[in-house]
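The primary structure of each chain is shown beneath.
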Amino acid sequence: PRLRPELAWSLEAAYEHNGADKWNYNVRSVFRKIEDLHRQDIINIDGDWWKQYVNAGHAISKTISIDTQFPLKRLIENAPELNVSFAVSKNWTSVSNLPHPDNRLSPITLTVNSSIDYTAKDLPVSLGASLRYRDGNPFMVSSSQRQLHQAQTNLDVYGLWKFDKKTQLRLSIDNALKRAYANGFEFYQSKFITSKIETKAPYRLIRLNFEHNF
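In this report, we go over the structure that sits alongside the text. (Residues numbered from 1 in each chain as written. Predicted model: local features only at pLDDT ≥ 70, side-chain atom pairs only at ≥ 80, totals over all residues. Heavy atoms only, no water.)

### Here we look at the overall build of the protein
We apply this condition: A run of DSSP states H or I qualifies as a helix once it reaches four residues; a run of E qualifies as a strand once it reaches two. Both are numbered from the N-terminal end. Note on method: radius of gyration uses C-alpha positions; expected globular size equals 2.2 Å times residues raised to 0.38. When a residue's accessible area, from a 1.4 Å probe over protein chains only, is under 20% of the maximum for its type it is buried; when over 50% it is exposed; and in between it is partly exposed.
A tally of helices and strands in the protein yields 0 helices and 15 strands. Taken over the C-alpha trace, the protein has a radius of gyration of 23 Å; the compact-globule value for 214 residues is 17 Å, which it surpasses by more than 25%. Principal-axis analysis of the C-alpha atoms gives the protein an extent of 75 × 40 × 35 Å. Across the 214 residues in the protein, those meeting the buried criterion constitute 26%.

In structure tokens:
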């Protein structure tokens with residue numbers, strides 16, 4: 001009941017270009033300040049450990065993101081029918097009452113997404129792939145807890161065959177690189193440290209979908 005509400009204000013600036021030259025791009029920046037940040041903390045009360053939400057001071061977040069989309073023919077005259085998309089986002093965050101350098105709001109400070117799509121001229125076939133990356137950084141949840149995260153890279157691919165306007169067959173493969181991912185946490189007091197690391201087994205997800213609209 002003593003938990004104060006989390007309040008924030010932000011300032012955003014953006015520039016967009018969607019022109020007849022078939023080159024679209026967007027540049028965006030955001031500055032945000034959060035007061036009375038909510039965070040979970042582990043507290044010893046009368047010999048028992050309690051996990052509860054507390055007000056953890058204020059936080060500041062600064063983000064810059066850029067994304068673009070264009071056909072490859074805009075750069076190479078005789079290129080195949082390829083559409084390219086690319087996006088990158090970088091943020092810097094800090095929490096006032098936690099020690100540097102891991103006093104972040106989130107373990108992710110950099111994300112990169114890219115995709116390419118191909119449409120055949122003489123066949124009703126579309127092919128595509130998307131590559132996603134995000135970094136992983138340790139960050140302090142509270143003065144006694146640190147979370148650990150590993151960077152992730154994922155590649156998804158797909159193929160689409162359209163028999164007609166109502167019927168199509170789609171094959172997709174998610175996590176084609178079959179990358180494993182690990183995360184964990186550390187909980188420490190003056191007398192002991194507890195650490196835990198979990199590794200998720202890598203897998204590929206293969207789906208074959210047949211669609212028909214009546």
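### A short note on the nonpolar core
Applied cut-off: Put simply, a nonpolar core is a bunch of buried Ala, Val, Leu, Ile, Met, Phe, Trp, Tyr and Cys residues held in one set by side-chain atoms that sit within 4.5 Å of each other. Here a residue-residue contact requires only that any non-hydrogen atoms of the pair lie within 4.5 Å.
Among the nonpolar cores identified, the biggest contains 6 residues, and these are I34, L37, A59, V95, L98 and M140. With residues up to four places along the chain from it excluded, the contact list for L37 reads E6, V54, N55, A56, G57, A59, V95 and L105.

### What about the pairing of strand β11 (residues 152–162)?
Each regular strand shows side chains that alternate between the opposite faces of the sheet. The line we're drawing: Being paired, for any two strands, means DSSP has found at least two bridges between them.
Relative to β11, strand β8 (residues 125–134) runs antiparallel, the two being bridged by 10 bridges. Looking across to β11, one finds that L131 is bridged to L155. Sheet analysis places β11 next to strand β12 (residues 167–174), joined by 6 bridges and oriented antiparallel. What sits directly across from Y158, in β12, is S172. Here β11 hands over to β12 after 4 residues, the two strands then running antiparallel side by side.

### Notes on the sheet that holds strand β5 (residues 59–71)
Heads up, the rule is: Throughout, an axis means a line fitted to C-alpha atoms (over the contacting stretch in the case of helices), and angles, computed between N-to-C directions, take values from 0 to 180 degrees.
Pairing is antiparallel in the open sheet, where 9 strands are placed in the order β1-β2-β5-β6-β7-β8-β11-β12-β15. Looking along the sheet, the strands with just one partner apiece sit at the ends: β1 (7–18) and β15 (205–212). When the angles between neighbouring strand axes are averaged without regard to direction, this sheet yields 10°. The pairing of β5 with strand β6 (residues 82–95) spans 13 bridges and is classified as antiparallel. Following the sheet pairing, T63 is matched in β6 by N91.

### Points about the sheet that holds strand β9 (residues 139–142)
Taken together, 4 strands build an open sheet; the order of strands is β9-β10-β13-β14 and the sheet is antiparallel. Only two strands of the sheet have a single neighbouring strand rather than two, namely β9 and β14 (193–200). Neighbour to neighbour, the strand axes of the sheet diverge by 20° on average, direction disregarded. Strand direction decides the pairing type here: β9 and strand β10 (residues 145–149), joined by 3 bridges, are antiparallel.

### Quick word on the packing of aromatic side chains
Quick reminder of the rule: Two aromatic rings from Phe, Tyr or Trp, using only the six-membered ring of Trp, form a pair when their centres are within 6.5 Å; if the ring planes differ by under 30 degrees the pair is stacked, by over 60 it is edge-to-face, and anything between is tilted.
Applying the stated criterion across every chain yields a total of 7 aromatic pairs. Seen from their ring centres, W23 and Y25 are 4.8 Å apart, and the 50° between their planes marks the pair as tilted. For W23, a relative accessible area of 33% gives the class partly exposed. Among the residues examined, Y25 registers a relative accessible area of 23% and is labelled partly exposed.

### Quick look at the layout of surface pockets
Any empty space left between the atoms is revealed when a probe the size of a water molecule rolls over them. For clarity, the cut-off: Points on a 1 Å grid, built from protein atoms alone, make a cavity when a 1.4 Å probe fits but cannot get out and make a pocket when they are open with protein on both sides within 12 Å along at least 5 of 7 lines; residues with an atom within 4 Å of a point are the lining residues. Grid points are joined across faces, edges and corners, and a volume is the space filled by probe spheres set on the points. Any residue that is not Ala, Val, Leu, Ile, Met, Phe, Trp, Tyr, Cys, Pro, Asp, Glu, Lys or Arg is counted as polar, Gly included; the first ten are nonpolar and the last four charged.
The space that makes up the largest pocket amounts to roughly 280 Å³. In this structure, the largest pocket is lined by 16 residues; those nearest its centre are Q152, N154, N175, R179 and Y203. If you tally residues by element for the lining of the largest pocket, the top one is β11, at 4 residues. In the lining of the largest pocket, the residues fall into 7 nonpolar, 4 polar and 5 charged.

Bear in mind that shape data such as this cannot, by itself, settle questions of function.
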